[in-house]
Amino acid sequence: MEKGLNFIGSSRKDIRAFPEEVKHDIGYALFEAQEGKKPAAAKPLKGFGGAGVLEIIENFDRNAYRAVYTVSFKKVIYVLHCFQKKSKHGIKTSQRDINLIKKRLKVAKEDYEVNYE
């Protein structure tokens, strides 16, 4: 059974600003996640206790793009944050982005409790 796909905050608007090729690749990875698969471009995001929060990593034209989503819910996947990574050195996600992801994960939990349970 395919899960639903919901976007939290500005994540839908943010992903729409990505280059076409990046949007296509991330979109396909999210589709795979909806089907219960783990996309090849996705890996667990550190600091979120396991594989419940994943990030899709896309490199294009010497830029790095990320889409963070959660598979923690039975009926729906929530896209929490989409952004172009600014840091040119190191792979660590900024604390500002981590804080935003944590905040949006809480919003996703509240939405799920209201709309799906």
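Notes on the structure follow. Note that the coordinates shown come from a computational prediction; the quantities given were computed from them, not determined experimentally.

## Examining the side chain of Gln34
Phase 1 of the analysis: In this fold, Gln34 is placed in helix H2 (residues 20-34).
Phase 2 of the analysis: The residues contacting Gln34, other than those within four sequence positions of it, are Met1, Glu2, Lys3, Gly4, Leu5 and Ile77.

## Some details on helix H3 (residues 95-115)
Phase 1 of the analysis: Taking 1.5 Å of rise per residue, the 21 residues of H3 would be expected to cover 30 Å, and the 30 Å separating its terminal C-alpha atoms lies within 8% of that figure.
Phase 2 of the analysis: Listed as buried for H3 are Asp97, Ile98, Leu100, Ile101, Arg104, Leu105, Ala108 and Tyr112. Down the axis, H3 shows its buried residues gathered within 150° of arc, on one side only. Turned more than 90 degrees away from the buried face of H3, the exposed residues are Arg96, Lys103, Lys106, Glu110, Glu113 and Val114.

## Some details on H2
Phase 1 of the analysis: Taking 1.5 Å of rise per residue, the 15 residues of H2 would be expected to cover 21 Å, and the 21 Å separating its terminal C-alpha atoms lies within 8% of that figure.
Phase 2 of the analysis: Along H2, the positions that sit buried rather than exposed are Val22, Ile26, Ala29, Leu30, Glu32, Ala33 and Gln34.
Phase 3 of the analysis: Tucked inside the fold, the buried residues of H2 contact strand S1 (4-7), helix H1 (11-16), strand S3 (53-60), strand S4 (63-70) and strand S5 (76-85).
Phase 4 of the analysis: Where H2 terminates, the next one or two residues include Gly36, which has phi positive at roughly 90°.

## Section: the packing of aromatic side chains
Phase 1 of the analysis: This structure, assessed with the given rule, holds five aromatic pairs.
Phase 2 of the analysis: Judged by centre distance (6.1 Å) and plane angle (40°), the ring pair of Tyr28 and Phe31 falls under tilted. Here Tyr28 and its partner Phe31 are both found in helix H2, three residues apart, which amounts to about one turn of the helix.
Phase 3 of the analysis: You can call Tyr28 partly exposed: its relative accessible area is 47%.
Phase 4 of the analysis: Under the relative-accessibility criterion, Phe31 is labelled partly exposed at 31%.
Phase 5 of the analysis: By way of ring pairs, the aromatic residues Phe73, Tyr78, Tyr112 and Tyr116 are connected into one cluster.

Rules used in this analysis
- Residues numbered from 1 in each chain as written.
- Predicted model: local features only at pLDDT ≥ 70, side-chain atom pairs only at ≥ 80, totals over all residues.
- Heavy atoms only, no water.
- Helix = DSSP H or I, 4+ residues; strand = E, 2+ residues; numbered from the N terminus.
- Contact = heavy atoms within 4.5 Å.
- Expected span 1.5 Å × (residues − 1).
- Buried < 20%, exposed > 50% of the residue type's maximum accessible area, 1.4 Å probe, protein only.
- Arc of directions from axis to C-beta.
- Phe/Tyr/Trp six-rings, centres within 6.5 Å; stacked < 30°, edge-to-face > 60°.

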